Amino acid sequence: AFAPDRPVSGQDAEMGLSPHRVRVLAPITQNDRFEWVALGGVKLMAVDTSAILPDSREAFPDRLWDLDFGTAARWKLNNGWIIGGDLIIGSASDRPFNGLKEMSIRADALLRIPWRDHLAWIFLLNYSNIREFAPHFPVPGVTLAYEPGPHLQVLAGVPFSSIRWVPLHRLDL
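Residues numbered from 1 in each chain as written. Predicted model: local features only at pLDDT ≥ 70, side-chain atom pairs only at ≥ 80, totals over all residues. Heavy atoms only, no water.

Enquirer: Hey, could you run me through the packing of aromatic side chains in this one?
Expert: Two numbers describe a pair of aromatic rings. These are the distance of the centres and the angle of the planes. Tallied over the entire structure, the rule returns three aromatic pairs. Their ring planes at 40° and their centres at 6.2 Å tell us that Phe69 and Phe97 sit as a pair that is tilted. Of the two residues, Phe69 sits in strand S4 (residues 63–76) while Phe97 sits in the loop between strand S5 (82–93) and strand S6 (103–116), which places them 28 residues apart along the sequence. On the numbers, 5.7 Å between centres and 50° between planes, the contact of Trp115 with Trp121 is tilted. Classification of Trp115 by relative accessible area gives partly exposed; the value is 42%. (Phe/Tyr/Trp six-rings, centres within 6.5 Å; stacked < 30°, edge-to-face > 60°. Helix = DSSP H or I, 4+ residues; strand = E, 2+ residues; numbered from the N terminus. Buried < 20%, exposed > 50% of the residue type's maximum accessible area, 1.4 Å probe, protein only.)

Below, the structure is given as structure tokens:
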């Protein structure tokens, strides 16, 4: 991606951005009942500017990093229920992992309970130390999942809802 230079408000400077992102998910072990993966990502925002930060009067960094790594697992129980979770540690900064202030910790837990044909309840618990709303507080959620086939998935609930439709091979909406 590329964002061309634009004027910086209140300064005689322009700013252009060029973001780059790589995500990796690598299976560690996988079978009919258990799945465990390692995951990670790197995002680099290259910044072309002569702008300064107004409070510190320091030059705006020319590179902003967002690095994360973690693991996720899920188990399918004999009754068809699925339990799972993940733990991801990251750092978004011009100097990643420079201190605790730059680190993020996110953990999720879920329980999926089949209910009727193509319907399941999903109960969630999310922890994040950098969430804007209630950081450091586990936030619960519940979602009703409707999955009539591989081409449609509807999740309706709190704190999120989504629709995923695959009308053609290799086209996800």
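Enquirer: For this particular structure, what's the right way to read a nonpolar patch on the surface?
Expert: A surface patch of nonpolar side chains, amounting to about 530 Å² of accessible area, comprises Ile163, Trp165, Leu168, Leu171 and Leu173. By the secondary structure assignment, Ile163 is in strand S10 (residues 162–165). Classification of Ile163 as exposed rests on a relative accessible area of 61%. (Patch = residues over 30% accessible without salt bridge, like charges linked within 9 Å, V, L, I, M, F, W, Y side chains within 5 Å. Areas by Shrake-Rupley, 256 points an atom, 1.4 Å probe, with all protein chains shown as cover. Salt bridge = Lys/Arg side-chain N within 4 Å of Asp/Glu carboxyl O.)

Enquirer: Please clarify how the confidence of the model for the protein should be interpreted in this entry.
Expert: Segments scoring low in pLDDT should not have their predicted coordinates read at a detailed level. The predicted model of the protein averages 92 in pLDDT, with 99% of residues at 70 or higher. Strand S1 (residues 3–7) is the least confidently modelled element of the protein, averaging 85 in pLDDT, while strand S7 (residues 119–128) averages 97, the highest of any element. (pLDDT = per-residue confidence, 0-100.)

Enquirer: Sorry if this is basic, but what is going on with the pairing of strand S3 (residues 34–49) here?
Expert: One face of the sheet, then the other: side chains in a regular strand alternate in exactly this way. Sheet analysis places strand S2 (residues 14–30) next to S3, joined by 15 bridges and oriented antiparallel. In the strand pairing of S3, Met15 is matched with Thr49. Where S2 folds back on S3, the antiparallel hairpin that results is connected by three residues. With 13 bridges joining them, S3 and S4 adopt antiparallel strand pairing. Across the sheet, Val37 pairs through a bridge with Ala72, a residue of S4. (Pairing = 2+ DSSP bridges.)

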